[in-house]
Amino acid sequence: MTYFQELKGKKVLITGGSKGIGKDAALAFAKLGAKVMITGRNVADLEAAVLELREFQAESYFLSADMQDVQSIYQMVDDTIATLGGLDVLVNNAGINIAKPAFNSRRRIGIACWTPI
């Protein structure tokens with residue numbers, strides 16, 4: 001048995017799973033037979049991603065969750081465990097894009113920019 005075969009049936013939560021790296025990770029887990037819960041803020045993107053995951057006959061779900069809200073995070077974990085029947089793997093992928101120069105000697109990124117991260 002290979003390592004990847006051991007992921008079949010595992011319960012996986014991926015934050016930021018509707019696009020980019022998170023979605024690609026979700027697709028990889030789905031192809032390996034894992035049960036996948038993806039989260040994000042855009043419901044339309046989440047719905048589209050879950051449809052793609054289900055093309056691999058993967059048990060797949062989504063939750064709308066905001067990683068800047070602690071109560072939303074607690075609810076996300078509770079709902080994931082209730083839906084999947086537990087949790088084996090967490091891919092903490094959620095992030096944001098701040099379009100500002102990071103290394104400008106005259107103007108630095110202030111704490112207000114880091115707070116949402």
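This text follows the structure it describes.
Residues numbered from 1 in each chain as written. Predicted model: local features only at pLDDT ≥ 70, side-chain atom pairs only at ≥ 80, totals over all residues. Heavy atoms only, no water.

Colleague: Help me understand the sheet that holds strand β1 (residues 11-15) in this model?
Modeller: In a beta sheet, neighbouring strands are held together by backbone hydrogen bonds and run either parallel or antiparallel to one another. Spatial strand order, β3-β2-β1-β4: 4 strands in an open sheet with parallel pairing. The sheet is open, and its two borders are formed by β3 (60-64) and β4 (89-92), each paired with just one other strand. Shown here is a sheet whose adjacent strand axes are inclined to one another by a mean of 15 degrees, direction ignored. Here β1 runs beside β4; their pairing, made up of 4 bridges, is parallel. Bridging from a neighbouring strand, T15 pairs with N92 of β4. Sheet contacts for helix α2 (residues 43-54): β2 (35-40) and β3; angle to β3, the most-contacted strand, approximately 170 degrees. Helix α3 (residues 70-84) rests against β1, β2 and β3 of the sheet, and its axis sits at about 155 degrees to β2. (Pairing = 2+ DSSP bridges. Helix = DSSP H or I, 4+ residues; strand = E, 2+ residues; numbered from the N terminus. Axes fitted to C-alpha atoms, helices over the stretch in contact; angles between N-to-C directions. Contact = heavy atoms within 4.5 Å.)

Colleague: Sorry if this is basic, but what is going on with the nonpolar core here?
Modeller: The nonpolar side chains of soluble globular proteins are, as a tendency, buried together. Ranked by internal contacts, the top residues of the largest apolar core, which has 15 residues, are I14, A26, F29, V36, I38 and L53. When residues of this core are traced back to their parent elements, those giving at least two are β1, α1 (20-31), β2 and α2. With sequence-adjacent residues up to four places away left out, F29 is seen in contact with L7, V12, I14, A34, V36, V89 and V91. L13, L63, A65 and L84 belong to the second-largest nonpolar core, a separate cluster that totals 6 residues. (Core = buried A, V, L, I, M, F, W, Y, C linked by side-chain atoms within 4.5 Å. Buried < 20%, exposed > 50% of the residue type's maximum accessible area, 1.4 Å probe, protein only.)

Colleague: Got a minute to help me understand the pattern of salt bridges in this structure?
Modeller: Side-chain pairs of opposite charge can arise where the charged atoms are in close proximity. Under the criterion given, the structure shown has 2 salt bridges. Salt-bridge contacts for K19 lead to D45; the nearest nitrogen and oxygen are separated by 3.5 Å. One end of the pair, K19, is in the loop between β1 and α1; the other, D45, is in helix α2, with 26 residues separating them in the sequence. Using a relative accessible area of 53% as the deciding quantity, one classes K19 as exposed. With a shortest N-O distance of 2.6 Å, E52 and K23 are connected by a salt bridge. Taken together, the positions of E52 in helix α2 and K23 in helix α1 put the pair 29 residues apart, joining distant regions of the chain. (Salt bridge = Lys/Arg side-chain N within 4 Å of Asp/Glu carboxyl O.)

Colleague: Explain α1 here, please?
Modeller: Note that an α-helix has 3.6 residues per turn; residues three or four places apart therefore point the same way. For α1, with 12 residues, the first-to-last C-alpha span of 17 Å sits near the 16 Å given by 1.5 Å per residue. Along α1, the residues that are buried comprise G22, A26, L27, F29 and A30. Summarising the axial view, the buried residues of α1 lie within an arc of 165 degrees, below the 170-degree limit, and thus occupy one face. Turned more than 90 degrees from where α1 packs its buried face, I21, D24 and K31 sit exposed. Looking at the buried side of α1, the elements it contacts are β1, β2, α2 and β4. (Expected span 1.5 Å × (residues − 1). Arc of directions from axis to C-beta.)

Colleague: Help me understand the packing of α1 against α2 in this model?
Modeller: Two quantities define a packed helix pair, namely the angle between the helix axes and the distance between the axes. Across the interface, α1 lies against α2 with an axial gap of 9 Å and an inter-helix angle of 25 degrees. Judged on the interaxial angle alone, α2 and α1 are roughly parallel. As for the relative orientation of α1 and α2, their crossing is right-handed in sense. When α1 is examined against α2, the residues K23, A26, L27 and A30 are found in contact with a partner set consisting of A49, E52 and L53. (Parallel < 35°, antiparallel > 145°, perpendicular 65-115°, else oblique. Left-handed = near helix turned anticlockwise from the far one by under 90°.)

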